[in-house]
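Listed below, chain by chain, are the residues.
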Amino acid sequence: MDLARQAIEILRANDRGGYTVPTATGLYPAQWNWDSCLVALGLAQFDEPRALVEIETLLGGQWPDGMVPHILFHGDDSTYFPNTSVWQAGPTRRSSGITQPLVAATVVRRLFERTSDLAIRSRLTALLPKLLAWHRWCYSARDPYGTGMVSIIHPWESGMDNSPLWDDALNTVEPGPSVAHLRKDTGFAAADERPSAPEYDRYINLVIRFRDRGYRADRLYDVSPFRVADIGFNAILQRANQDLRFLLAATGDVAGASEVATMEQKTEAAIARCWHEEDGFFYGVDTRTSMMIRKPGIAGLLPLFADAAVAARHPRLVQRLESWLARVAYSVPSFEPGRTEFEPQRYWRGPVWLIMNWMLIDGLRRNGRAELAARIRQDSVALVERTGFAEYFNPLTGEPLGGSAFSWTAALYLLFAAESA
Ligand code: DGY
């Protein structure tokens, strides 16, 4: 069977009716926020109505304050830790209590622009107030002092759970009781491909602190012992701001478009301040200590996704990316190869993720670097051809890592394969 057909079969098999689990293996038995959005991109390649439903289901879990949780639990969550009995979050007690990168508006724009079905367009338009409410929540809850950079309060909110970027900030969090015996993830994936035990203890301790405060968005910013203005989260948000503004303007919501334009201006200036001239790289900031996080993670390349002129302003950023690629067999590693923290098999400390590749391909094309984008696309396709639809891949060997038959890998493969056709 050809790989595009296999990708479609994976997406069909992981479909739980209105939402798609990231993998059928049991590792992630629920709906993850940014997984679902990126999966919708792939679904749209062969089933636009189903792609729309994926986003509708996700936004159906929006909290009254505008937050869209990072996990929605719809069914049996017994193979996952922490599940609903730990989180106890939200109006229905069927979600997590934190968010994830706001990639949804970017995906909705893609669906909106590609469809010729007026009924789908009108249902997508009906989602715009929800997207606007989520962006508004993000600025009010996570940037209450109006800096233009929103902060994450848990590594899980970045989506890049165990990136070396969080090491120092996370080390200041009390570990709390050990949760090693409660973890389920290491039953589905090798322990050296997953976050470490000390990281997990702190992840859960943060959850318990937020739970004890009733997940009150207006309180958590000041009390969280982990608080980081992540460059990756903000770059993704900034791109989503642009796409949301476009959609609001295209559908006649002038006031909404102007509100988002204001968010965009502030964040554009804030991202510009994250450029470190000496290092030639973008860094986020630990907003509890006001220290820049001077480590070269893939998040620091994501301004390429947010800003079509960044490569012209900062050619060293693209040179740095090229220097990473010269040291690996497959692009793009999630952390700079050769650094002491680089681990080619461990989750976000080095492996290749096709979702990052998709963002960088898109950003490089907008920045006029089509040839580099083509290399990353070729590597992405080659990884799947050689080793299958893994969650992530070793950039040195191409070895498949984490979960298998992975939904967002299948979805993005469909996108990349369609481009070469
Ligand atoms: C996990 O369980 O590993 C997730 O990334 C948390 O969102």
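Look a little higher up for the structure.
Basis of the calculations
Residues numbered from 1 in each chain as written. Predicted model: local features only at pLDDT ≥ 70, side-chain atom pairs only at ≥ 80, totals over all residues. Heavy atoms only, no water. Salt bridge = Lys/Arg side-chain N within 4 Å of Asp/Glu carboxyl O. Helix = DSSP H or I, 4+ residues; strand = E, 2+ residues; numbered from the N terminus. Buried < 20%, exposed > 50% of the residue type's maximum accessible area, 1.4 Å probe, protein only. Near = heavy atom within 4 Å. Polar contact = N/O pair within 3.5 Å; in protein donor to acceptor, adjacent residues only side chain to side chain. Areas by Shrake-Rupley, 256 points an atom, 1.4 Å probe, with all protein chains shown as cover. Nonpolar A, V, L, I, M, F, W, Y, C, P; charged D, E, K, R; others polar. Pairing = 2+ DSSP bridges. Contact = heavy atoms within 4.5 Å. Axes fitted to C-alpha atoms, helices over the stretch in contact; angles between N-to-C directions. Left-handed = near helix turned anticlockwise from the far one by under 90°. Phe/Tyr/Trp six-rings, centres within 6.5 Å; stacked < 30°, edge-to-face > 60°. Lys NZ or Arg CZ within 6 Å of the ring centre and 35° of its normal.

## Side note on the pattern of salt bridges
Within the structure shown, the criterion is met by 32 salt bridges. Salt-bridge contacts for Arg50 lead to Asp15; the nearest nitrogen and oxygen are separated by 2.8 Å. On the criterion of sequence distance, the pair formed by Arg50 in helix 3 (residues 48–60) and Asp15 in the loop between helix 1 (3–13) and strand 1 (31–32) is long-range, its members being 35 residues apart. A residue is classified by how much of its surface remains accessible, and Arg50, at 9% relative accessible area, is buried.

## Side note on the site of the ligand
In the region of the ligand, the neighbouring residues are Tyr28, Trp32, His70, Tyr80, Trp156, Asp161, Arg194, Tyr200 and Tyr347. Contact between the ligand and Trp32: an oxygen atom at 3.0 Å from a side-chain N or O atom of the residue. At a separation of 2.6 Å, an oxygen atom of the ligand approaches a polar side-chain atom of Asp161. Relative to its free-state accessible area of 230 Å², the ligand is covered by the protein chains to the extent of 96%. Per-class residue counts for the shell around the ligand are six nonpolar, one polar and two charged.

## Topic: the sheet that holds strand 7 (residues 291–292)
An order of 3-6-7 is seen for the three strands of this open sheet, with the pairing classed as antiparallel. One side of each edge strand has no neighbouring strand; the edge strands of this open sheet are strand 3 (228–229) and strand 7. As paired strands, strand 6 (residues 285–286) and strand 7 are joined by two bridges and run antiparallel to one another. Counted as the bridge partner of Val285 is Met292 from strand 7.

## A few points about the side chain of Ser36
Structurally, Ser36 is set in helix 2 (residues 33–43). In terms of polar contacts, Ser36 uses its side chain to reach the side chain of Gln31, at 2.8 Å. Apart from the residues lying within four places of it in its own chain, the contact partners of Ser36 are Gln31 and Glu54.

## Overview of the packing of helix 6 (residues 118–142) against helix 12 (residues 254–272)
At a minimum axis separation of 11 Å, helix 6 and helix 12 run at an interaxial angle of 35°. The interaxial crossing formed by helix 6 with helix 12 has left-handed handedness. Between helix 6 and helix 12, the residues in contact are Leu132, His135, Arg136 and Tyr139 and Gly256, Glu259, Val260, Met263 and Thr267, respectively. Here the contact of helix 6 with helix 12 is built from residues that sort into four nonpolar, three polar and two charged.

## Considerations on unusual backbone geometry
Residue Pro82 follows Phe81 across a cis peptide bond; omega there is 0°. Tracing the backbone shows Pro82 in the loop between strand 2 (71–72) and helix 4 (84–87). Here Ser331 and Val332 are connected by a cis peptide whose omega angle stands at -5°. Within the secondary structure, Val332 sits in the loop between helix 15 (315–325) and helix 16 (354–366). Positive phi, close to 45°, is recorded for Ala405, a residue that is not glycine. Owing to a relative accessible area of 31%, Ala405 belongs among the partly exposed residues under this scheme.

## As for the packing of aromatic side chains
In this structure the tally under the stated criterion is 25 aromatic pairs. Seen from their ring centres, Trp275 and Phe282 are 5.0 Å apart, and the 65° between their planes marks the pair as edge-to-face. Here Trp275 matches Phe282 in class, with each residue buried. With 4.6 Å between their ring centres and 25° between their planes, Trp353 and Tyr392 make a pair best called stacked. Placement of Trp353 in the loop between helix 15 and helix 16 and of Tyr392 in strand 8 (residues 392–393) is noted, with a sequence separation of 39 residues between them. Neither residue differs from the other here; Trp353 and Tyr392 are each classed as buried. Clustering of aromatic rings is evident, with ring pairs tying together Tyr28, Trp32, Trp34, Phe73, Tyr80, Tyr347, Trp348, Trp353, Tyr392, Phe406 and Trp408. Over the face of the ring belonging to Tyr347 we find Arg194, whose NZ or CZ atom lies 4.6 Å from the ring centre.

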